Amino acid sequence: MNIAITATEPSLDAKVDPRFGPCPYFLIVDTDTMKFEALENTNMMLGGGAGIQSAQLMAGKGVQFVLTGNCGPNAYQTLSAAGIEVIIGCSGTVADVVEQFKAGQLNAAGQPNVASKSGIAGTPGAVPDQPAGLQQPPMMGRGMGMGRGMGQGRGGGMGRGGGGGMGAAFDQGPAPVPQQPAQGLTKDDELDMLKQQTEAMSQQMQLIQERIKQLEQED
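An account of the accompanying structure is given in this report.

Conventions used here
Residues numbered from 1 in each chain as written. Predicted model: local features only at pLDDT ≥ 70, side-chain atom pairs only at ≥ 80, totals over all residues. Heavy atoms only, no water. Phe/Tyr/Trp six-rings, centres within 6.5 Å; stacked < 30°, edge-to-face > 60°. Helix = DSSP H or I, 4+ residues; strand = E, 2+ residues; numbered from the N terminus. Buried < 20%, exposed > 50% of the residue type's maximum accessible area, 1.4 Å probe, protein only. Pairing = 2+ DSSP bridges. Axes fitted to C-alpha atoms, helices over the stretch in contact; angles between N-to-C directions. Contact = heavy atoms within 4.5 Å. Arc of directions from axis to C-beta.

1. Quick notes on the packing of aromatic side chains
Part 1: Under the definition given, this model contains 2 aromatic pairs.
Part 2: Between the aromatic rings of F65 and F101, the centroid separation amounts to 5.0 Å while the plane-to-plane angle is 65°, which identifies the pairing as edge-to-face. Note that F65 is positioned in strand 4 (residues 65–67) and F101 in helix 3 (residues 94–102), a separation of 36 residues in sequence. Like F65, the residue F101 is buried in the burial classification.

Listed below in structure tokens is the structure:
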């Protein structure tokens, strides 16, 4: 299994970088052999757009999990749309975090833990990842967990957390589409990702409509 860890240096002994989008390096690690590829993050200077571009870069590498300290809503939803699960709160060396992952000590996050510029609630003082000039409509948040066992697709609006029912929390919708080609992706890969994001938006809209009907019936 290939996983990606944000790192301060191109080494397994490097510290995990707490930032996803603007981290200096991504280490793509094969958990079976511990062989790795150190990928310099060319998106780290993009500022607000780094999260989305870095997420698309990871999708192009075919990783199944991303391990980092913090992840904003735009990057989180782009990763989720590509079928990549996100593990946040990681710290220590890359090698230690990989061993924790292999031992089953780390769990995928059900939602991002960093605020965007548009004011979504998150970790105080966290680096936002909302690109300037792009606006998102309010959509149903991923905190509406129906549990991992419901078998919903990773790109959908159903949360992957341990929640037992429909919550009332709202979050930002799917990540806005960048107006420049995605780095590290072929045309077909990027087209497939955008189709998945469109499907995710459709599923989230369906959830909102169902919730509206439910609330109207309770009156």
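2. Things to note about the sheet that holds strand 4
Sheets are built from strands paired through backbone hydrogen bonds, the pairs being either parallel or antiparallel.
Part 1: In spatial order, the strands read 3-2-1-4-5; together these 5 strands make up an open sheet with mixed pairing. On the outer flanks of this sheet lie strand 3 (36–40) and strand 5 (85–87), each paired with one strand and no other. Averaged over all pairs of adjacent strands, the angle between their axes in this sheet comes to 20°, without regard to strand direction.
Part 2: With 3 bridges joining them, strand 4 and strand 5 adopt parallel strand pairing. Note on strand 5: the bridge partner recorded for L67 is I87.
Part 3: Against the sheet, helix 1 (residues 50–60) contacts strand 1 (2–7), strand 2 (25–30), strand 3 and strand 4, and its axis sits at roughly 25° relative to strand 2.
Part 4: Relative to strand 1, helix 3 is tilted by about 145°, and along the sheet it contacts strand 1, strand 2, strand 4 and strand 5.

3. Remarks on the pairing of strand 3
Part 1: Relative to strand 3, strand 2 is paired through 5 bridges, and the arrangement is antiparallel. Within strand 3, the residue paired with L27 across the bridge is A38.
Part 2: Where strand 2 folds back onto strand 3 in an antiparallel hairpin, the turn is made up of 5 residues, including M34, whose phi is positive at roughly 65°.

4. Digging into the pairing of strand 1
Part 1: With respect to burial, strand 1 is a largely interior element, 5 of its 6 residues being buried.
Part 2: Both strand 1 and strand 4 contribute to a ladder of 3 bridges, which runs parallel. Residue pairing for strand 4: I3 is matched across the bridge by F65.

5. Quick notes on unusual backbone geometry
Part 1: Non-glycine residue M34 carries a positive phi angle of around 65°.
Part 2: Among the secondary structure elements, M34 is positioned in the loop between strand 2 and strand 3.
Part 3: The exposure class of M34 is partly exposed, given its relative accessible area of 22%.

6. Focus: helix 3
What sets the pattern is the α-helix's 3.6 residues per turn: residues three or four places apart point alike.
Part 1: Restricting attention to buried positions, one finds in helix 3 the residues V94, V97, V98 and F101. Taken end-on, helix 3 shows its buried residues confined to a sector of 100°, consistent with a single buried face.
Part 2: Contacts made by the buried residues of helix 3 are with strand 1, strand 2, strand 4 and strand 5.
Part 3: Immediately downstream of helix 3, the backbone of G104 shows phi near 75°, a positive value.

7. Section: helix 1
Part 1: For helix 1, the tally of buried residues reaches 9 of 11 residues, placing the bulk of the element in the interior.
Part 2: Here helix 1 has its buried residues at A50, G51, I52, Q53, S54, A55, Q56, L57 and M58.
Part 3: Two residues or fewer past helix 1, G62 is found with a positive phi of approximately 70°.

Take it as geometry only, folks, not as evidence of what the structure does.
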